[in-house]
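Residue-level listing of the chains:
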Amino acid sequence: MLNEVKVQKYYIMKVSIITVTFNSASTVGATLRSVTDQGYSDIEHIVIDGASKDNTLEVVKQYPHVAQLISEPDKGMYDGLNKGIALATGEIIGILNSDDVLHDTTIISQIVQAFERDNSLESVFADIRFVSPKDRSKTTRYYSSAKFNPSKFEWGYMPAHPSFYCKKYVYEQFGNFQTDYKIAADYEWLTRVLYKHQITYQYLPLLTVDMLPGGLSNGTIERRWRLNKEIIRACAENGIKTNMFKLSLKYFRKVFEYLKK
């Protein structure tokens, strides 16, 4: 009888990346290119569009790597993210905004390697940078997650959400984004999974995403006040005591983010 030959199959984790768009025609092409240029072989890119009025859909359709594209009215960005999470089939889920790009072609491979090294690992986060709209090679602000731990939530500090990747079952067990938050649903979700439910995490000393300035949480003093009000609510809902004074101190720390270029 011939000896049986056992063939060991190499398992590759699928990574689902969710991008929410709305009138993003001027920026989403760079976002999509940064995904299709990745050296990792199993990426599911899901694009959820909020019924754009410009030619966003025409731009997206130029990229055949996009696994799913849905365009319909929604209740905002967090509603769109929840739709994408529901469609995701990857073991790992990450979010890439429609005006952000992955920093280089190895980002997803390095993230997956971290999960492969530790089967008990449930999430990772890393660093991001803000870049000039006129010259994306120029750093205007560097956001490092290196010093984060869950006790920092009460001071208004969270890991850079665009760098955050987690196992899909984290969403399945602990829920998606709360759409009644207008600005800080990502903050609430991170406090829920990292502080309240204490999922395992690892910081990666890796620059993952280049971001354009702007976003829901940046801008006017009134918007920042509203953000901090939602952060106080998010902390309270997840067992963290904080106040407006503690949160205001984070703006002094941000000065050092602008100094690091």
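Not measured: the values here are computed from a predicted model.

Thresholds, definitions, all that
Residues numbered from 1 in each chain as written. Predicted model: local features only at pLDDT ≥ 70, side-chain atom pairs only at ≥ 80, totals over all residues. Heavy atoms only, no water. Axes fitted to C-alpha atoms, helices over the stretch in contact; angles between N-to-C directions. Helix = DSSP H or I, 4+ residues; strand = E, 2+ residues; numbered from the N terminus. Parallel < 35°, antiparallel > 145°, perpendicular 65-115°, else oblique. Left-handed = near helix turned anticlockwise from the far one by under 90°. Contact = heavy atoms within 4.5 Å. Nonpolar A, V, L, I, M, F, W, Y, C, P; charged D, E, K, R; others polar. Core = buried A, V, L, I, M, F, W, Y, C linked by side-chain atoms within 4.5 Å. Buried < 20%, exposed > 50% of the residue type's maximum accessible area, 1.4 Å probe, protein only. Pairing = 2+ DSSP bridges. Polar contact = N/O pair within 3.5 Å; in protein donor to acceptor, adjacent residues only side chain to side chain.

Draft legend 1. Spatial organisation of the packing of helix 6 (residues 185-196) against helix 7 (residues 221-237). Contact geometry of helix 6 with helix 7 gives a least axis separation of 9 Å together with a crossing angle of 25°. By the criterion of interaxial angle, the relationship of helix 6 to helix 7 is roughly parallel. Between helix 6 and helix 7 lies a crossing whose hand is right-handed. Residues Tyr187, Glu188, Thr191 and Lys196 of helix 6 form the contact with helix 7, whose own contacting residues are Ile231, Ala234, Cys235 and Glu237. Looking at side-chain class alone, the contact of helix 6 with helix 7 contains four nonpolar, one polar and three charged residues.

Draft legend 2. Quick look at the nonpolar core. Membership of the largest hydrophobic core comes to 64 residues, with the highest contact counts inside it found for Ile108, Tyr165, Phe177 and Trp189. For Trp189, the residues in contact, after removing those within four places along its chain, are Phe164, Cys166, Val170, Tyr171, Gly175, Asn176 and Phe177. The next biggest cluster of nonpolar side chains, apart from the first, holds eight residues, and it includes Val47, Val59, Val60 and Tyr63.

Draft legend 3. Region of interest: the pairing of strand 9 (residues 201-211). By the bridge criterion, three bridges tie strand 5 (residues 100-102) to strand 9 in an arrangement that is antiparallel. Residue Leu102 lies in a different strand from strand 9, and its bridge partner there is Val209.

Draft legend 4. Inspection of the side chain of Ser145 at higher detail. Here Ser145 is to be found in the loop between strand 7 (139-143) and strand 8 (165-167). From its side chain, Ser145 meets the backbone oxygen of Ala126 in a polar contact 2.6 Å long. Once residues lying within four places of it in the same chain are set aside, the contact partners of Ser145 are Phe125, Ala126, Asp127, Tyr157, Pro159, Ala160, Ser163 and Tyr203.

Draft legend 5. Quick peek at unusual backbone geometry. Notably, Asn23 is not glycine yet its phi reads approximately 50°, a positive angle. For Asn23, the location among the structural elements is in the loop between strand 1 (15-21) and helix 1 (28-36). You will see that Gln198, though not glycine, has its phi angle at about 55°, which is positive. As for its position among the elements, Gln198 is in the loop between helix 6 and strand 9. Gln198 sits in the exposed class, given a relative accessible area of 61%.

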